[in-house]
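# Examination of the molecular architecture
Residues per chain, in single letters:
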2 protein chains.
Amino acid sequence: MTPVENTAVVDLLGVLAYAELTAFDRLAEDARLAPTLDGRASLARMAAAEIAHHGRLTDRLVELGADPSAAMAPFVSALDAFHEGTRPSTWLEGLVKAYVGDGLATDFYREIASFLPEPDKALVLEVLADTGHAEFAVREVRAAIKADRKVPGRLSLWGRRLVGEAITQTQAVIAEHDRLAELIITGTGDLRGVSRLIERITDAHTKRMKALGLNP
Amino acid sequence: MTPVENTAVVDLLGVLAYAELTAFDRLAEDARLAPTLDGRASLARMAAAEIAHHGRLTDRLVELGADPSAAMAPFVSALDAFHEGTRPSTWLEGLVKAYVGDGLATDFYREIASFLPEPDKALVLEVLADTGHAEFAVREVRAAIKADRKVPGRLSLWGRRLVGEAITQTQAVIAEHDRLAELIITGTGDLRGVSRLIERITDAHTKRMKALGLNP
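Counting from both sides, the interface comprises 21 residues of chain A and, opposite them, 21 residues of chain B. Taken together, the two surfaces of chain A and chain B that pack against each other cover about 1,800 Å², and 62% of this comes from carbon and sulfur. Contact with chain B buries surface across chain A, with Arg32, Leu37 and Arg40 of chain A losing the most and accounting together for 31% of the total. Where chain A touches chain B, the interface holds six salt bridges. Salt-bridge contacts for Arg32 of chain B lead to Asp25 of chain A; the nearest nitrogen and oxygen are separated by 3.2 Å. Remark: the boundary between chain A and chain B carries six residue pairs in polar contact (both at pLDDT 80 or more). Here the side of chain A that touches chain B takes 10 residues from helix α2 (residues 37-63) of chain A, the largest share from any one element. Across the side of chain A that touches chain B, the residue classes break down as 12 nonpolar, three polar and six charged.

Residue and element names in this part refer to chain B. Here Asp30 shows up in helix α1 (residues 3-31). One buried charged residue, Asp30, remains without a salt bridge, the closest side chain of opposite sign being Arg26 at 4.3 Å. Look past the residues within four positions of Asp30 in its chain and what remains in contact with it is Leu43, Pro88, Trp91 and Gly94.

On to the pattern of salt bridges, then. Scanning the model with the defined rule gives 26 salt bridges over all chains in all. Measuring nitrogen to oxygen at the nearest pair gives 2.6 Å for the salt bridge that ties Arg60 of chain A to Asp120 of chain A. Here Arg60 of chain A, found in helix α2, pairs with Asp120 of chain A, found in helix α6 (residues 120-127); they are 60 residues apart in sequence, far enough to count as distant. Summarising the burial analysis for this pair, Arg60 of chain A and Asp120 of chain A share the class buried. Bridged by salt links that share partners, the residues Asp25, Glu29, Glu84 and Arg87 of chain A together with Arg32 and Arg40 of chain B form one connected network.

The nonpolar side chains of a soluble globular protein tend to be buried with one another. Formed by 142 residues in total, the largest nonpolar core has its most connected members in Val96 and Tyr109 of chain A together with Val96 of chain B. In this view, Tyr109 of chain A contacts Leu12, Val15, Leu16, Ala19, Leu79, Val124 and Leu128 of chain A; residues no more than four positions away in its chain are not counted.

With an RMSD of 0.0 Å, chain A superimposes on chain B once it is rotated by 180 degrees and translated 0.0 Å along the axis. These values place the two chain copies in the arrangement generated by a two-fold rotation axis. Proximity to the rotation axis, assessed at the C-alpha, singles out Ala48 of chain A in chain A; its C-alpha lies 2.2 Å from the axis. Here 100% of the interface residues in chain A have copies in chain B that are interface residues too; the copies meet face to matching face.

For the rest of this paragraph, the subject is the environment of Asp203 of chain A. All names here are of chain A. The residue Asp203 is located in helix α10 (residues 191-212) in this model. Given the relative accessible area of 43%, Asp203 is considered partly exposed. Separated by 13 residues in sequence, Asp203 and Pro216 have C-alpha atoms that sit 9.9 Å apart.

What follows covers unusual backbone geometry. Across the junction of Glu118 of chain A and Pro119 of chain A, the peptide omega takes the value 5 degrees, indicating a cis bond. Within the element layout of this structure, Pro119 of chain A appears in the loop between α5 (91-113) and α6.

Residues and elements named next belong to chain B. Across its 22 residues, helix α10 (residues 191-212) extends 32 Å between first and last C-alpha, which sits within 8% of the 32 Å expected from 1.5 Å per residue. Listing the buried residues of α10 in full gives Gly193, Val194, Leu197, Ile201, His205, Arg208, Met209 and Leu212. All buried residues of α10 project into a common sector of 160 degrees when viewed along the axis, lining one side. Turned more than 90 degrees off the buried face of α10, the exposed positions are Arg192, Lys207 and Lys210. Summarising the contacts, the buried residues of α10 are in contact with α5 (91-113), α7 (133-147), α8 (151-176) and α9 (178-188). Remark: Gly213 follows α10 within two positions and exhibits a positive phi of approximately 90 degrees.

Here the structure, examined in full by the defined rule, presents five aromatic pairs over all chains. Judged by centre distance (5.9 Å) and plane angle (65 degrees), the rings of Phe24 of chain A and Phe24 of chain B are edge-to-face. Of this pair, Phe24 of chain A sits in helix α1 (residues 3-31) while Phe24 of chain B sits in helix α1, each in a different chain. We classify Phe24 of chain B as buried; its relative accessible area is 1%. Aromatic side chains Trp91 of chain B and Phe136 of chain B sit 6.3 Å apart centroid to centroid with 80 degrees between the ring planes, which places their arrangement in the edge-to-face category. One end of the pair, Trp91 of chain B, is in helix α5; the other, Phe136 of chain B, is in helix α7, with 45 residues separating them in the sequence.

This part takes up the packing of helix α4 (residues 76-85) of chain A against helix α8 (residues 151-176) of chain A. Residues and elements named next belong to chain A. Between α4 and α8, the shortest axis-to-axis distance is 10 Å and the interhelical angle comes to 165 degrees. Classed by the angle they form, the pair α4 and α8 counts as roughly antiparallel. Along this stretch, α4 crosses α8, giving a crossing that reads as right-handed. Where α4 abuts α8, its residues Ala78, Ala81, Phe82 and Gly85 lie against Arg161, Leu162, Glu165, Ala166, Gln169 and Val173. Looking at the contact of α4 with α8, its residues break down into six nonpolar, two polar and two charged.

About the cut-offs
Residues numbered from 1 in each chain as written. Chains lettered and ligands numbered in written order. Predicted model: local features only at pLDDT ≥ 70, side-chain atom pairs only at ≥ 80, totals over all residues. Heavy atoms only, no water. Contact = heavy atoms within 4.5 Å. Buried area = accessible area lost by both parts, 1.4 Å probe. Salt bridge = Lys/Arg side-chain N within 4 Å of Asp/Glu carboxyl O. Polar contact = N/O pair within 3.5 Å; in protein donor to acceptor, adjacent residues only side chain to side chain. Helix = DSSP H or I, 4+ residues; strand = E, 2+ residues; numbered from the N terminus. Nonpolar A, V, L, I, M, F, W, Y, C, P; charged D, E, K, R; others polar. Buried < 20%, exposed > 50% of the residue type's maximum accessible area, 1.4 Å probe, protein only. Lys, Arg positive; Asp, Glu negative; His and termini not counted. Core = buried A, V, L, I, M, F, W, Y, C linked by side-chain atoms within 4.5 Å. Least-squares fit on C-alpha atoms with pLDDT ≥ 70 in both. Expected span 1.5 Å × (residues − 1). Arc of directions from axis to C-beta. Phe/Tyr/Trp six-rings, centres within 6.5 Å; stacked < 30°, edge-to-face > 60°. Axes fitted to C-alpha atoms, helices over the stretch in contact; angles between N-to-C directions. Parallel < 35°, antiparallel > 145°, perpendicular 65-115°, else oblique. Left-handed = near helix turned anticlockwise from the far one by under 90°.

Printed below as a string of structure tokens:
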């Protein structure tokens, strides 16, 4: 592995490790919006799964000789800005954010992981595995749509806002991290490869919105 | 086991299950006050351990034929009132609350658990095992005291406020739950037994305050 590849791996593990830490945070916060003790415990358990993933990533960073806090630091402000800009005000907004927002992020990280050497590719794919949130969110949101026909319009708008913020912050991160940009362009082959990558992510997003019963 | 004992077991598992859910919540909230990413991840991991305990208790409630949400419900307002009344405003207050407050609660639940039949006694003692918080809190608070001599006075006051709130809420819970009161009095033998129980809990509290370098 050349030094350039190694630092790109550290970048990717670093951004993911901080993403998992904020995922914990956000799920824990959203748990408090749950209408039932059962829903609250479900979200808390998902948060616990995220922090376990965080630990796997920081262990690997240490193994690679990197300091986990230093590896996460460059991504703190962009990820915090995303979460500040998309703070759910209701239980349903939180669920849509978790399903649609995490789905987008997961697809993006998965695409990049495919360019990584082992064992990091396997590790990233493993920590990106769904923690049961998807099925839970789909069930709750669909039930809410059945109960109140004003729900889908509001949540569809919210879904579009999430995508907008996600694109803004992703662009900011990549613009500041040449090694990540290089990894993506080299990995996809060329700019046409990049646009196909974006197409795949967009298609998957559309499917998720429809699965919730929302307009993409 | 007589029916009375069984319902007291459900009461105790119910209050503990809700206590673990609020412990998750509070640790997750305090994690955000952490001055470092490392401290934040440490608290998040402890929160994850609490929600795992919560799951063990609700599983056992289901096994006993009880509905976990119904078993927790009678204790929601007292535990929420305790946490509302003792919301930490700094990272150090959060740590003292976790160490001193959880220590008090743990000692109290442990005393009651000793009156339970197996397997519930073993389960309760297991979920009450320290999740690494104690050592972490002692280390951080002692370091802060070394760095700033105004810290111990403020935190000692805070520790006394925690005890006051804990006593108020415990009395409220027991007053409303005859079966728990009966379990304690039968278990300790008589009122002298109860006062020895309180003495043991108070002594342990004093030791914990001193371990932090604070005045009990």
